[in-house]
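The chain contents come next:
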Amino acid sequence: MEKFNIAWENAISFNNLDKEKNRMCYICDDILKFKDMNTKEPEPGMKGWNIDWVDGNVNNHNSSNLVATHSICNENKTNINGFWLYISKKNYEDKISWNSEIKASFFAK
Ligand SMILES: [Zn+2]
């Protein structure tokens, strides 16, 4: 439970929403609802959230390594040559042939 609270506190808050109940998923910029903790699909079409280990190492419980994200967004996290990309597997397959120049322009956005 403590890890969930740390992950929640590390997530971005909105200026105009109650930060105890709402945060931002840093992967998709959409809203996380505190009540949908530890779920994947609280209701059809809705997204629950879980802990994301930022560096990809699930054994690194350093508080700066934990952040709340949508479970579904987290599943789409992909490591390419040391870069974490937050794209769907389909996109990953389309973009696996990117050279470093294309990759750099992607991150510059
Ligand atoms: Zn998300």
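To start, this report covers the structure provided alongside it. Only a predicted model underlies this, so the values are computations on that prediction, with no experimental measurement involved. (Residues numbered from 1 in each chain as written. Predicted model: local features only at pLDDT ≥ 70, side-chain atom pairs only at ≥ 80, totals over all residues.)

### Section: unusual backbone geometry
Excluding glycine, residues mostly have negative phi values, and the peptide bonds linking residues are mostly trans.
Working step 1: In this structure, Asp-29 is a non-glycine residue whose phi angle is positive, near 70 degrees.
Working step 2: Phi at Asn-38 takes a positive value of approximately 60 degrees, unusual for a residue other than glycine.
Working step 3: With respect to the helices and strands, Asn-38 occurs in the loop between strand E2 (31-33) and strand E3 (49-53).
Working step 4: Asn-38 sits in the exposed class, given 12 other C-beta atoms within 10 Å. (Helix = DSSP H or I, 4+ residues; strand = E, 2+ residues; numbered from the N terminus. Buried ≥ 20, exposed ≤ 12 C-beta atoms within 10 Å, placed from the backbone.)

### Topic: the environment of Asn-65
Working step 1: As for its position among the elements, Asn-65 is in the loop between E3 and strand E4 (66-70).
Working step 2: For the pair formed by Asn-65 and Val-54, sequence separation is eleven residues and the distance between their alpha carbons is 5.1 Å.
Working step 3: Here Asn-65 is in contact with Trp-53, Val-54, Asp-55 and Asn-60, once residues within four sequence places are set aside. (Contact = placed C-beta atoms within 7 Å.)

Keep in mind that these numbers describe shape and distance, not what the molecule does.
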